[in-house]
Structures are given as C-alpha cells and as structure tokens.
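# Architecture and fold: a report
Here is what each chain is made of, one letter per residue.
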Amino acid sequence: PEDIPDSVDIIPASEVLDTMTGKIQFPPDPRDGSDPLAGWYKLIDNGTGEIFKNGICDTYELNNITFIYYYTLQGLEVEPWLADDMDQVPFYFENQYNATKALLEKEFGDAIDVRLGTYTAVPGHTEHEIDVTKAFADEGFRKMVISRETTDYNHYADDFMTENYVREALCEKGVLDETDISQINQIGRTPEFNAMNLKLVKPYIEAYPEGSTIAMIYVTHGLSWPGKETYGAMGIQHPWWKEVIHENGFLNYLSWKKAIQKEYGTRYNLVFSTDGSDLLEQSFFAYGYMTPDKLSGKFFIIRDCINWAKEMGIQNMLIVPCHWYGDAQDTQVIMRMNSGLKLVPKADMAQGKFDITYCEADNGTEVSNCNGTYAAKITITPSYNDLTDDWAQVYYAVLRGGIEKFGVFPEGERVRIAEKKLVMKKDGGEVVVRKPWSPAFRARIDIPADPHPGWPESFAPDNATPFRDPADSFDCLWEDTTISVGWRLNPPAMKKARPVGPAVFFGPYRTIFNRDVTISIPYRAIAALNKAKVKPYIYNHITGDWDAIEPEKVAAGLVTFKTDVLGLFRAGVAK
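## Observations regarding the overall build of the protein chain
A count of helices and strands for the protein chain gives 13 helices and 21 strands. A compact globule built from 575 residues should have a C-alpha radius of gyration of about 25 Å, and the protein chain, at 26 Å, falls within 12% of that. Classification of the 575 residues of the protein chain by burial places 52% in the buried group. Contacts in the protein chain between residues at least 24 apart in sequence constitute 71% of all its contacts with a sequence separation of at least 6. As displayed, the protein chain offers around 25,700 Å² of accessible surface, 51% of which is attributable to carbon and sulfur atoms. Side chains of the protein chain give 58 positive and 82 negative charges; the mean places of these two sets differ by 13 Å.

## Points about helix 5 (residues 155–172)
Along helix 5, the sharpest change in direction is near 35° and occurs at Glu163. For helix 5, the set of buried residues is His155, Ala157, Asp158, Met161, Thr162, Val166, Ala169 and Leu170. The inward-facing, buried residues of helix 5 contact helix 4 (129–138), strand 3 (143–146) and strand 4 (180–183). One side-chain oxygen at the N-terminal end of helix 5 lies 2.7 Å from the backbone nitrogen of Ala157; it belongs to Asn154. Looking one or two places after helix 5, you find Gly174, whose phi comes out positive at around 75°.

## Considering the environment of Ala460
Summarising the element assignment, Ala460 is placed in the loop between strand 13 (444–447) and strand 14 (481–488). Residues Ala460 and Gly222 lie 238 residues apart in sequence; the distance between their C-alpha atoms is 19 Å.

## A word on the packing of aromatic side chains
Per the counting criterion, the structure on display carries 31 aromatic pairs. Between Tyr287 and Phe299, the aromatic rings sit 5.1 Å apart at their centres with planes inclined by 45°, giving tilted as the arrangement. Within this pair, whereas Tyr287 is found in strand 7 (residues 285–287), its partner Phe299 is found in the loop between helix 8 (292–295) and helix 9 (302–311), the two being separated by 12 residues in sequence. Aromatic rings pair up to connect Tyr218, Phe250, Tyr253, Trp256, Phe272, Phe285, Tyr287, Phe299, Trp455, Phe459, Phe467 and Phe474 into one cluster. Over the ring of Tyr153 we find Arg148; its NZ or CZ atom is 5.4 Å from the centre of that ring. Above the face of the Tyr509 ring, Arg400 is positioned so that its terminal group lies 3.9 Å from the ring centre.

## Notes on the pattern of salt bridges
One pass over the structure, following the stated rule, counts 31 salt bridges. Residues Asp355 and Lys353 are paired through a salt bridge, measuring 3.4 Å at the closest nitrogen-oxygen approach. Since its relative accessible area comes to 37%, Lys353 is described here as partly exposed. Of the charged contacts, one joins Glu552 and Lys562 as a salt bridge, the two residues approaching to 3.8 Å between their closest N and O atoms. In this pair, Glu552 is assigned in the loop between strand 18 (545–548) and strand 19 (553–555) and Lys562 in strand 20 (residues 558–565), connecting sequence segments 10 residues apart. Judged by relative accessible area, Lys562 falls into the partly exposed class, the value being 37%. A single salt-bridge network, built from bridges that share partners, covers Lys202, Glu206, Glu210 and Arg267.

## Examining the state of the cysteines
In this structure the tally under the stated criterion is one disulfide. The partner cysteine of Cys359 in its disulfide is Cys370, sulfur to sulfur 1.9 Å. One disulfide, between Cys359 and Cys370, carries an S-S torsion of 115° and so falls in the right-handed class. With Cys359 in strand 9 (residues 356–360) and Cys370 in the loop between strand 9 and strand 10 (376–380), the pair connects residues that are 11 residues apart, well separated along the chain. Judged by relative accessible area, which is 1%, Cys359 ranks as buried. Cysteine Cys322 remains unbridged, with the sulfur of Cys305 as its closest cysteine sulfur at 13 Å. Judged by its relative accessible area of 0%, Cys322 is buried.

## Focus: the sheet that holds strand 13
Sheet architecture is open: five strands sit in the order 12-13-16-20-19, paired in antiparallel fashion. A strand with exactly one partner marks an edge of an open sheet, and here the two such strands are strand 12 (429–432) and strand 19. For this sheet the average axis-to-axis angle between neighbouring strands, irrespective of direction, equals 20°. Summarising the sheet, strand 13 and strand 16 (residues 512–522) pair through three bridges and their orientation is antiparallel. Across the sheet, residue Asp446 finds its bridge partner in strand 16, namely Thr518.

## Observations regarding the nonpolar core
For soluble globular proteins, the rule of thumb is that nonpolar side chains tend to be buried together. With 60 residues, the main nonpolar core has Ile205, Met216, Trp256, Ile260 and Leu270 as its most contacted residues. Among the secondary structure elements, those contributing two or more residues to this core are helix 3 (91–108), helix 6 (191–205), strand 5 (213–220), helix 7 (245–264), strand 7, strand 8 (316–321) and helix 12 (388–404). Broken down by element, this core gets its largest block of residues, eight residues, from helix 6. When sequence neighbours within four positions are dropped, the list of residues in contact with Ile260 reads Leu198, Val201, Ile205, Met216, Gly265, Leu270 and Phe272. Counting 34 residues, the second largest nonpolar core, distinct from the first, contains Val423, Trp487, Ile519 and Val534.

## Regarding the sheet that holds strand 21 (residues 568–574)
Ordered in space as 11-14-15-21-17-18, the six strands form an open sheet in which the pairing is antiparallel. Two strands close off the open sheet at either side, each with one partner strand: strand 11 (415–423) and strand 18. Across the sheet, the mean angle separating the axes of adjacent strands is 30° when strand polarity is ignored. The pairing of strand 11 with strand 14 spans eight bridges and is classified as antiparallel.

Cut-offs applied
- Residues numbered from 1 in each chain as written.
- Predicted model: local features only at pLDDT ≥ 70, side-chain atom pairs only at ≥ 80, totals over all residues.
- Heavy atoms only, no water.
- Helix = DSSP H or I, 4+ residues; strand = E, 2+ residues; numbered from the N terminus.
- Rg over C-alpha atoms; globule rule 2.2 N^0.38 Å.
- Buried < 20%, exposed > 50% of the residue type's maximum accessible area, 1.4 Å probe, protein only.
- Contact = heavy atoms within 4.5 Å.
- Areas by Shrake-Rupley, 256 points an atom, 1.4 Å probe, with all protein chains shown as cover.
- Lys, Arg positive; Asp, Glu negative; His and termini not counted.
- Charge placed at Lys NZ, Arg CZ, Asp CG, Glu CD.
- Bend = angle between axes of the 7 residues up to and from the residue.
- Polar contact = N/O pair within 3.5 Å; in protein donor to acceptor, adjacent residues only side chain to side chain.
- Phe/Tyr/Trp six-rings, centres within 6.5 Å; stacked < 30°, edge-to-face > 60°.
- Lys NZ or Arg CZ within 6 Å of the ring centre and 35° of its normal.
- Salt bridge = Lys/Arg side-chain N within 4 Å of Asp/Glu carboxyl O.
- Disulfide = S-S within 2.5 Å.
- Pairing = 2+ DSSP bridges.
- Axes fitted to C-alpha atoms, helices over the stretch in contact; angles between N-to-C directions.
- Core = buried A, V, L, I, M, F, W, Y, C linked by side-chain atoms within 4.5 Å.

So, in structure tokens, the structure goes:
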C-alpha cells in the first residue's frame, strides 16, 4: 500500500461499476450479504502518472477477478486456484468426455481417434484445440470431425472459436488443402436429447399431485440481439444480429416442449406459453446469461417468464437450464443473479446438490416457507450433472453422423446405402430409392428449399428480423449435404411395437433441420393387417427402443411422416 501514489484511487472490488450497465459489477452474496471479494481492490490512476495504466492487462485482471467472484459464490477454494494447484476442470466435464470417448471407441474401434481440444487449455489437464489439431496433422490424419458439446450452436462458436482455429492450425502445418473437415452443426432436438430431458424433469414434475398446473420455463444461454457490434473497450468479434442461435435455441425448446407434453400432458396441466401458442414472444423460453439491456427487448430473461406466469395465476414453476452440460457459474450464479433467483446454499453445492425449491411473493422477495401465502413456488433443476451416461449417448448419436460423412459406420451395424445425393441448402430436393430389389425400395425424403436465402447472414442492425414463428423458420437444411438412404440388416429389436417393414436408414445420422422434412418408408400390408394401426418409429439410443411418430399418411405400402431429424426409421404396429 505504501507504494501507491496519492493520485491513485483505491476502490474495493465490491464498488466497481460495470462499464456496460453502470451497475455494481460484483454485488454482495444475496444469501447473506457478505462480500465475495473482500480484500480485493481496483486501482485507478486519476493523475498524470502512468504507473498504474496497464491497458490490456486491466482486461485480463478484470476477467480473473470475475471468475474468482463466481468461484467464491459457489463455495470453491480460490487460493489453490490462484496458485495453479487446483484442478480447474469440472468433474462432470471430465466424466462426460470420458464416457463419450469410451462409447465412440466401443462402437467404431480403431477406425477413429478421439481427442479433446478446448478453447482455453488448463495446464496439466487439457490441451488447446490448435495443439490437438497440429498433433493430428503431424501424425498423418487428413480427415477430421470437429464439434462443440452443447446444444444451441452459433456462428461465433462454430466458425470463430472452433473451425477457424482448426483451419489455422492445419494451414500452419501446410496440410489445410488436403484435409477434409466434417463439422457437427447441432446436438439438441434429437430423440436422445429429449429422452435425457424427460429423465431430468421427471422427479420435479412428479413431486406434484397429478392434475397440478405447472409453468415450464426453458432456459438457454443467450446472445444479444440486435445489440451492437461493440460493447465496451474490447468490443465483440461477431455481429450478433446475424446469429443462428436464436432460431436454433427456440426450435430446441419446441422439441423439448413436445416431448414433455407427450409424456406428462395427460396427467398434468403443463403451461409453456401465455396463450398456448408456439410463438417465441409468448413462450416461457428464457435467456439465462444475458440481462435485458443486452437483449434489446427482443428476447426475455427468466424473471420475465416468472412474472407472466404469476399474472396468469400459476403458482408452481419449474425452471430447467437446458443449454449447458453441467452446473457451473452460468447456471449457479449468472442466470440466477440476472433474474433475481435464489442461489443454492454453498453446503448443498459442496455435496453435489444443485437444485432448489423455494417460494416468493408478488414482488419477487422470498417468503419464509411454502406453507403460507405466496405467489410462486419455484423449482430450479440441475443441468445434467447426474446424467453422464445419457449425455454421452446424446453426443455420440450426433457425432456418429459426422464420422459417417467419411463412409465409416459403427462396427457391427450392417448398413447398406441404396441411394446417395448431394442436396443443396438453397434449392432443397428429394432422394428416392428406385431400385426394386432393395428392401428400402420407394423410401424417400423431400427437403424443402431454403425459405429465406441469405437469412440471417445478410442481416444488418437496421433490417434484422427477430425469429419468432417456427412455421416460418429462417433455414431448413443447415448446409449443402450429401443425403443417403438405405437399410440396416441387423436393426435393434422393437420392444413396444411389432415391425411391419424394413429398418430404413436416412443419413448423415442425426442431421437436424430447421423445418420439417417429409419422409416415406415402406411397410408390408399383409404383416400390418390393419393399415390404420401402422406408425413410423425412430430408434432412440437412450431408451434402447423405438419412439413412435404420428404418421401423415399410410397408403399403398408407404407410411409418410414429418421429422426434423434423421436416423433409423421403421414401420410398426403397437403391441
């Protein structure tokens, strides 16, 4: 302290203002009012001296103190972290990576090599994706599948933080032009992802008596829109108003909504929107990471959805964070403080308990218990910490589609491709099996053309259109894709249905569309006996069974249906 000139202001970290919002950046712990950063200060040189003008170093230091703040609120030890003696990789991250890697290696054997590359390496624990890419290049690999791990994919993460780093590394090694890259564009909206979410919400929905009314609030990460191209001194690296995450995240929500409604809708009165519609601005679809000032009034935070439900007279509310793959500062600190939600006690977090249930009054203040008068009973669920094996299945099912693009299928799966065709994103198209000898004869897929060519890539701040209506999505196919149709000779058994047709394969596996495509698969009329009972089914790796899909038409030996995800389909009759 004696070395600090009089011209330097010494400001406690708890009094530092956020340059974007003007509010206190590191407020007290809402659980007990304590200062998480007691003993930390910011030095501001208000004189003419240069001694404490650090430029970019100030930004690094602010980043570090921010994470110390988050760690402290979660009850984690900060001193070992500062001394670099602490394993900074969350346990669920390593568990899920190891489980996914083991599953991929079990299914594909020596045909693949699975390695983890991260945006920011943790010394002694993880490697940066650039270093992993260079190692692959040095070892002679010229086919690479790259992917993120969470659900709401966006241009910034896909293009800037993943593909461009990989391409940079390959370029430096001189092998970029000879390396084929297969990139995964999506993870949510699959049968596995929905099955995992059903497991997640099951104990919290069933904690209520059947017939209860419950508001279901889905939480994703969030990006500003249309926002600005620059926030603060450092700005941002991508024009957020061109982001696909908003459409993609909302379509993931609608798939989640449909699955939960199908499972619980006959036993509970589950409310997903203010008016029963699927429009974004009416839905309980919340952005957890951003504050209202950064969402520009186009999207909503969790508190907005809670208030809407209160106005509707709904007292029971489930808040489900569905973007992340585990509980860390995003779900345990940031989204809660952004929306004035209760933090889990540190003692519970230390025991691996990340859910919490409490009640609050009309004005959002917590009431002492849920036995008296209250406006809302709020349950915040965890985010997949205890579903490691399920998450691995979710990730595996999508990753195998990226591997399949190189003509490699899981060992033991006897898949025969009958037709293959490049379908252009702009034009759409059809792929039909026309070989009479094929068990998949007459199977077909019809992919709509891009409904809005150039959206959202052509948007500018003054003409950007917020996504709002799933019936008018910006895209259908994510990119020009070679679509394949065939059949599997050794399909998994159907446990709840009797098969009445071949197992028809549509790939790349778990390709996801932003609007429905139309698929037709053959069925045997004689085996079906009654065509009115025939339904299409899709195989689900988590349940190990086939999920029924409502048919659009059953006639002339074909069952036709809509879907937004590819995989293994089969006609069947419920047992």
